[in-house]
Amino acid sequence: MAFFVRPSKYRHVYGTCAKRDVCYDNLRVSANAWDTNMVKVNPLFLSVNWNASGGGAFAVLPHSQVGKLPDNYPLYRGHTGPVLDTDFNPFNDYVIASGAEDSKVMIWNIPEEYAEGQEEVTPVLKLSGHGRKVGHVLFHPVAENVLASASTDLTIKLWDIEKGAERQEITGHTEIIQSIAWNYNGSLMATTCRDKKLRVFDVRANKIVQEGPGHQGIKGSRVVWMGETDRLATTGFSRMSDRQLNLWDATNLAKPIKSEFIDTSSGVLMPFYDADTKMLYLAGKGDGNIRYYEYDNDELFSLSEFKAIDPQRGMAFLPKRALHINECEIARAFKVGTTLIEPVSFTVPRKSDAFQSDIFPPCLSDEPALTADEWFDGKDSNPKLIDLEVGFTAKGKKEFTPTAQPVVEEKKEAYHTLNKENADLKEKLSQKDVKIRVLEIELDKLRTELSELNLVQKNEELPHSENALVE
């Protein structure tokens, strides 16, 4: 019987872990138990959730900051609880958003260089509105300055960060939201939830377009949108706690198109989809493997697996425009360990030095296709693309200045007012305590005097009663 091998440009893709001296070492990665990827990357920087005392913090490192990180490296401080998630603005490499346990979303400007002796960076904007911790933040893929934040108050909020305003609230979840994903043009959002349901929302209308049963296991579930198609990929667990990979039609979530058993490990699978190569990467928390598949005609074909000894706690993939195209690098993952972040490059082996247009089609640009107002008014557009053959150069710093009044000053004023009121009340309370103590002492004195008077009166009455008996 003849054996046919499926032809594929990516059949021989292999992963290579960077050497230790070009990794990011001496990191204090957050030990928080919230299910997050821990790290995010853009063409210039990577951010990592930090294990900080006295509130929450995260660090932003330039790609050139390899080797052992100094102990006094500047941190992004502002949250009063641990930072749970961060996301870079896709249209401004120097802007990052963060969500934390203090229920706040904060926007930060990243300096081109940290000043000598600088210890921390403060936010340019604080967004309040969620009632409980914010577990996910995700920028819109097409419209500028639109941010989605998901909270354990069971809502997703859409923000216009330039105006510092909440523009939409999405409801409909009955349990904690486990992951969120925009579709290709940002008109729909897919979510997974602890109630074991997969949902697709028309976010501007706050309407559930599709809803269906997701993975039935009790552990975490993730979702990604498969590029321009109306297909979704989810990872999760079966009732028997087996790890699963499901493929869905976003227009009908009654049952998955395909369900695949992965293994029996206990770590959450983090899915990453590359729309240009149509490859799906699965990285398991707690194991060192990265599996990768090729998507074609509603089938996921297993290509290979990158294996490493050290387990990963989180992962992020670099945008396609920042890769080493001349080396045929089609993806670069940043793998988070306990104190180390390792870049892992995935390469297609090719002998030619010429530009390989078949594996590098036009990819996502750093230019927005819509403004926030256009998108909120109902306009849709596909993201702008760039041709990698002409090369990509990261733009210079564009300072982000929100038009909203700085919330920080208002909060400082409110804080000082409340602090003064609190001090006044404490003073009044202490005065009343003193008065009560004085009255208690006076009451004790009166009681003593009364008992003495009663004793004297009894002593006076006693001789009279004895005389009466004698008579």
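Quick note: structure is the one above.
Figured I'd write up the structure that's included with this text. (Residues numbered from 1 in each chain as written. Predicted model: local features only at pLDDT ≥ 70, side-chain atom pairs only at ≥ 80, totals over all residues. Heavy atoms only, no water.)

### As for the packing of aromatic side chains
- If you walk through the whole model with that rule in mind, you get 17 aromatic pairs.
- Taking the centre distance of 5.1 Å and the plane angle of 25° together, the rings of Phe58 and Tyr76 count as stacked. With Phe58 in strand E5 (residues 57–62) and Tyr76 in strand E7 (residues 75–77), the pair connects residues that are 18 residues apart, well separated along the chain. Neither residue differs from the other here; Phe58 and Tyr76 are each classed as buried.
- Each ring, one from Tyr76 and one from Tyr114, has its centre 6.4 Å from the other, and the planes form 80°; the classification is edge-to-face. Here Tyr76 is found in strand E7, whereas its partner Tyr114 is found in the loop between strand E10 (105–109) and strand E11 (120–121), with 38 residues between them in sequence.
- What makes Tyr76 buried here is its relative accessible area of 0%.
- Against the face of Phe237 rests Lys219, its NZ or CZ located 5.1 Å from the ring centre. (Phe/Tyr/Trp six-rings, centres within 6.5 Å; stacked < 30°, edge-to-face > 60°. Helix = DSSP H or I, 4+ residues; strand = E, 2+ residues; numbered from the N terminus. Buried < 20%, exposed > 50% of the residue type's maximum accessible area, 1.4 Å probe, protein only. Lys NZ or Arg CZ within 6 Å of the ring centre and 35° of its normal.)

### What about the nonpolar core?
- Counting 49 residues, the largest nonpolar core has Trp50, Tyr281, Ile330, Ile341 and Phe346 as its most contacted members.
- Ranked by residues supplied to this core, first place goes to strand E30 (residues 329–336) with five residues.
- Not counting chain neighbours up to four residues away, the residues in contact with Trp50 comprise Asn26, Leu27, Arg28, Ser30, Ala57, Phe58, Ala59, Leu69 and Leu75.
- Counting residues in each nonpolar core, the second largest holds 18 residues, with Val146, Ile170, Ala372 and Trp375 among its members. (Core = buried A, V, L, I, M, F, W, Y, C linked by side-chain atoms within 4.5 Å. Contact = heavy atoms within 4.5 Å.)

### Points about the sheet that holds strand E12 (residues 125–127)
- Pairing is antiparallel in the open sheet, where four strands are placed in the order E8-E9-E10-E12. Looking at the sheet topology across the chains shown, the edges are occupied by strand E8 (83–88) and E12. Taken over all neighbouring pairs, the strand axes of this sheet differ in orientation by 20° on average, direction set aside.
- With five bridges connecting them, E8 and strand E9 (residues 95–100) associate as antiparallel partners. The residue bridging Val83 from the neighbouring strand is Ala100, located in E9. (Pairing = 2+ DSSP bridges. Axes fitted to C-alpha atoms, helices over the stretch in contact; angles between N-to-C directions.)

### Looking at the sheet that holds strand E16 (residues 165–170)
- Read from one edge to the other, the open sheet built from four strands follows the order E13-E14-E15-E16, with strand pairing classed as antiparallel. Strands with a single pairing partner mark the edges of an open sheet, and in this sheet they are strand E13 (134–139) and E16. On average, adjacent strands in this sheet sit at an angle of 25° to one another, irrespective of strand direction.
- Two elements, E13 and strand E14 (residues 146–151), share five bridges in a ladder whose sense is antiparallel. Counterpart to Val137 in the pairing with E14 is Ser149.

### Focus: the pairing of strand E18 (residues 189–193)
- For E18, the tally of buried residues reaches five of five residues, placing the bulk of the element in the interior.
- Here E18 shows a buried face lined by Met189, Thr191 and Cys193 and a second buried face lined by Ala190 and Thr192.
- Relative to E18, strand E17 (residues 177–182) runs antiparallel, the two being bridged by five bridges. From the neighbouring strand, Ile180 faces E18, where its bridge partner is Thr191.
- In this structure, the hairpin formed by E17 and E18 is closed by a connection of six residues, where Gly186 is found at a positive phi of approximately 75°.
- Taken together, the four bridges between E18 and strand E19 (residues 197–202) define a ladder with antiparallel strand orientation. Bridging from a neighbouring strand, Met189 pairs with Phe201 of E19.
- Here E18 folds back onto E19, and the loop between the two strands holds three residues, one of which, Lys196, carries a positive phi near 65°.

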